[in-house]
Amino acid sequence: MKLSEIKGADVFDVIADCIVPITNIASDKKAMALFKKQTVPEGTDIRAVAMKRLAAGLPPLMRDHKDDLVAILAAINLVPADEYAADLTLGKLITDLGATATSSAQGAAAASAI
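Criteria and cut-off values
Residues numbered from 1 in each chain as written. Predicted model: local features only at pLDDT ≥ 70, side-chain atom pairs only at ≥ 80, totals over all residues. Heavy atoms only, no water. Helix = DSSP H or I, 4+ residues; strand = E, 2+ residues; numbered from the N terminus. Buried < 20%, exposed > 50% of the residue type's maximum accessible area, 1.4 Å probe, protein only. Contact = heavy atoms within 4.5 Å. Areas by Shrake-Rupley, 256 points an atom, 1.4 Å probe, with all protein chains shown as cover. Expected span 1.5 Å × (residues − 1). Bend = angle between axes of the 7 residues up to and from the residue. Axes fitted to C-alpha atoms, helices over the stretch in contact; angles between N-to-C directions. Parallel < 35°, antiparallel > 145°, perpendicular 65-115°, else oblique. Left-handed = near helix turned anticlockwise from the far one by under 90°. Nonpolar A, V, L, I, M, F, W, Y, C, P; charged D, E, K, R; others polar.

Enquirer: Help me get a handle on the overall build of the protein chain, residues and values and all.
Expert: The helix and strand tally for the protein chain stands at 6 helices and 0 strands. Secondary structure elements in the protein chain, listed N-terminal to C-terminal, are α-α-α-α-α-α. In the protein chain, buried positions account for 21% of the 114 residues. By sequence separation, contacts in the protein chain at least 24 residues apart represent 60% of the contacts at least 6 residues apart. As displayed, the protein chain offers around 8000 Å² of accessible surface, 65% of which is attributable to carbon and sulfur atoms.

Enquirer: An account of helix α1 (residues 10–26) is requested, with residue identities and associated values reported.
Expert: Relative to the 24 Å expected for 17 residues at 1.5 Å per residue, α1 spans 24 Å between its end C-alpha atoms, a close match to the ideal helical length. Maximum bend of α1: about 35 degrees, positioned at Ile19, with proline Pro21 one to four residues after it. Buried within α1 we find Val14, Cys18, Pro21 and Ile25. Looking at the buried residues of α1, the elements they touch are α2 (29–35), α3 (46–64) and α4 (66–76).

Enquirer: Let's hear about the packing of α1 against α4: which residues, and what values?
Expert: Direction vectors running N to C along α1 and α4 enclose 160 degrees, while the axes themselves pass 9 Å from each other. The orientation of α1 relative to α4 falls into the category roughly antiparallel. By crossing handedness, the relation of α1 to α4 is classed as left-handed. Touching Val14, Asp17, Cys18, Pro21, Ile22, Asn24 and Ile25 of α1 are Asp68, Leu69, Ala71, Ile72, Ala75 and Ile76, all from α4. Here the residues of the contact of α1 with α4 are counted per class, giving 10 nonpolar, 1 polar and 2 charged.

Enquirer: Can you explain unusual backbone geometry? Please cite residues and give values.
Expert: In this model, Leu78 sits at a positive phi of 60 degrees, which is unusual for a non-glycine residue. Structurally, Leu78 can be placed in the loop between α4 and α5 (81–87).

Enquirer: With reference to specific residues and values, describe α4.
Expert: Taken together, the buried positions of α4 are occupied by Asp68, Val70, Ile72, Leu73, Ala74, Ala75 and Ile76. Positive phi shows up at Leu78, right after α4, with a value of about 60 degrees.

As far as function goes, none of this settles anything; it's purely spatial.
As structure tokens, this is what we get:
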């Protein structure tokens, strides 16, 4: 579901349902290390460094926080986490992430235009 499709009181439910899993991920030492500011030597391609860091850090983070990620995606899709997990396929995950990312990018673009 696109973030822009979440309306009314559901907005508060989604935020409330995402607080604990986001906090779980954010307080993980692996997550903190992944997003910690890093000094990059002059002349180094910062994008290459970031991609290398993400490639090394995201897989273990995803493995350690499967339930948290399911809880977040379930909340965004307005369904219980166990139902979302039972219906989850790789195709659904890619579709849901794409819809969420597109919606987020559109919102960011609109906000930057103001």
